[in-house]
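Single-letter residue listing:
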Amino acid sequence: MNISTISKPHERLAGILTEEMAAVNELIRTRMVSDHAPRIPEVTAHLVEAGGKRLRPMLTLAAANLFGYTGDHHVRLAATVEFIHTATLLHDDVVDESGQRRGRPTANLLWDNKSSVLVGDYLFSRSFQLMVETGSLRVLDILSNASATIAEGEVLQMTAATDLRTDEAVYLQVVRGKTAALFSAATEVGAVIAGASDAQVQALFDYGDALGIAFQIADDLLDYQGDSKATGKNVGDDFRERKLTLPVIKAVAQATPEERAFWQRTIEKGRQEDGDLDHALALMHKYGTLDATRADAFGWATKAKAALEGLPDHELRDLLRDLADYVVSRLN
């Protein structure tokens, strides 16, 4: 693979980390086997082999390599991160009653909700076994805290998503939970296992946190102005599913009483009619909330890049910086 000819940073990252990612994938395949419940590898393989970017495990490997790590614990931790991510996807699809992910039917649709929940639980358990094998209490502390934060974020989203009192602070708390917590844990544990200084570990935590927030804000914006072929979602899915994301939260904050009544009917009460999505978009354009949301995403990407400033001069540091630009480049 000629890495210099590849334009997307996550693909260049995959090119540099080819051998280590092969080891991660082999470990994932080995650990998702169950002698007693063949349903487990069936369901897991369906999701794990669906062709995701494997961004989170690559962040762990990149963070460890940034400090010249030569052991193999970073491979275990990268597999741990992917297992946690896959477990949350299985649970999310049940909670959201989703029928499609990455262009394929979801596990809960192909099998059933019970299988998705229980296999997700199995993957969480496997992830804790892998963490323990590193022998690092600090790593265990970081990843177990991240797992709790992810679950907390999902529960908070469930209650906040259709409540017009949800403001930008609560939205950020949800995003930090459901998305950024695993990004920041992925980069943080890579640095910890490589013996980086406390300041360097903090820098990589800050990078992962800001990258995850930029990533999620960009996703939420693309729901209203993205290309459905590129995103795999229909424009306005979040509106139809009554999810209060940042573009809407900004519009609600500035709404007249009449406009607020519209948001109460469509989001809080879920009584949607033909033309409501167009009206919602018109209100977002009226208050410039799509542009403001875009500016927020770029702001977080800038914070991610700034966090890398004091780290060793390395091609992987440059790629991590490019990755921060890439997650928001979809908005151009």
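Analysis parameters
Residues numbered from 1 in each chain as written. Predicted model: local features only at pLDDT ≥ 70, side-chain atom pairs only at ≥ 80, totals over all residues. Heavy atoms only, no water. Salt bridge = Lys/Arg side-chain N within 4 Å of Asp/Glu carboxyl O. Helix = DSSP H or I, 4+ residues; strand = E, 2+ residues; numbered from the N terminus. Buried < 20%, exposed > 50% of the residue type's maximum accessible area, 1.4 Å probe, protein only. 1 Å grid on protein atoms, 1.4 Å probe; cavity = no way out; pocket = protein on both sides within 12 Å on 5 of 7 lines; lining within 4 Å. Points joined across faces, edges and corners; volume = space filled by probe spheres on them. Expected span 1.5 Å × (residues − 1). Arc of directions from axis to C-beta. Contact = heavy atoms within 4.5 Å. Phe/Tyr/Trp six-rings, centres within 6.5 Å; stacked < 30°, edge-to-face > 60°.

## Section: the pattern of salt bridges
Then, number 1: Throughout the structure, instances matching the rule amount to 20 salt bridges.
Then, number 2: The salt bridge involving Glu 82 is made with Arg 54; its shortest N-O contact spans 3.9 Å. Here Arg 54 lies in the loop between α3 (39-48) and α4 (55-66) and Glu 82 lies in helix α5 (residues 73-95), a separation of 28 residues in the sequence.
Then, number 3: Residues Glu 241 and Lys 243 are paired through a salt bridge, measuring 3.2 Å at the closest nitrogen-oxygen approach.
Then, number 4: When its relative accessible area of 44% is taken as the criterion, Glu 241 is described as partly exposed.
Then, number 5: Via salt bridges that share partners, Arg 31, Asp 72, Arg 76 and Glu 133 belong to a single interconnected network.

## Side note on empty space enclosed by the protein
Then, number 1: Applying the stated criterion across every chain yields a total of 2 cavities of 30 Å³ or more.
Then, number 2: Size it by volume and the largest cavity reaches roughly 120 Å³.
Then, number 3: Lining the largest cavity we find 14 residues, and of these Gln 157, Tyr 171, Val 174, Leu 244 and Thr 245 sit closest to its centre.
Then, number 4: Going through the elements one at a time, α8 (137-160), α9 (168-193) and α10 (198-225) are the ones with two or more residues in the lining of the largest cavity.
Then, number 5: In terms of residue count, the dominant contributor to the lining of the largest cavity is α9 (4 residues).

## Observations regarding unusual backbone geometry
Then, number 1: The phi dihedral of Arg 242 falls on the positive side, at around 60 degrees, and the residue is not glycine.
Then, number 2: Along the chain, the position of Arg 242 falls in the loop between α12 (237-240) and α13 (246-253).
Then, number 3: With relative accessibility at 27%, the residue Arg 242 sits in the partly exposed group.

## Concerning helix α16 (residues 289-307)
Then, number 1: With 19 residues, α16 extends 27 Å from end C-alpha to end C-alpha; this agrees with the ideal 27 Å at 1.5 Å per step.
Then, number 2: All of the buried residues along α16 are Thr 289, Leu 290, Thr 293, Ala 297, Trp 300, Ala 301, Ala 304 and Ala 307. On an axial view of α16, the arc spanned by its buried residues comes to 130 degrees, and they lie on one face.
Then, number 3: Buried residues in α16 make contact with α9, α10, α13, α15 (276-286) and α17 (315-329).

## Points about the packing of aromatic side chains
Then, number 1: Considering all chains together, one arrives at 3 aromatic pairs under this definition.
Then, number 2: For the ring pair Phe 183 and Phe 215, a centre distance of 5.4 Å and an interplane angle of 45 degrees mean the geometry is tilted. Here Phe 215 lies in helix α10 and Phe 183 lies in helix α9, a separation of 32 residues in the sequence.
Then, number 3: The class of Phe 183 is buried, set by a relative accessible area of 0%.
Then, number 4: For the pair Phe 239 and Trp 263, a centre-to-centre distance of 6.5 Å together with 75 degrees between the ring planes defines the contact as edge-to-face.

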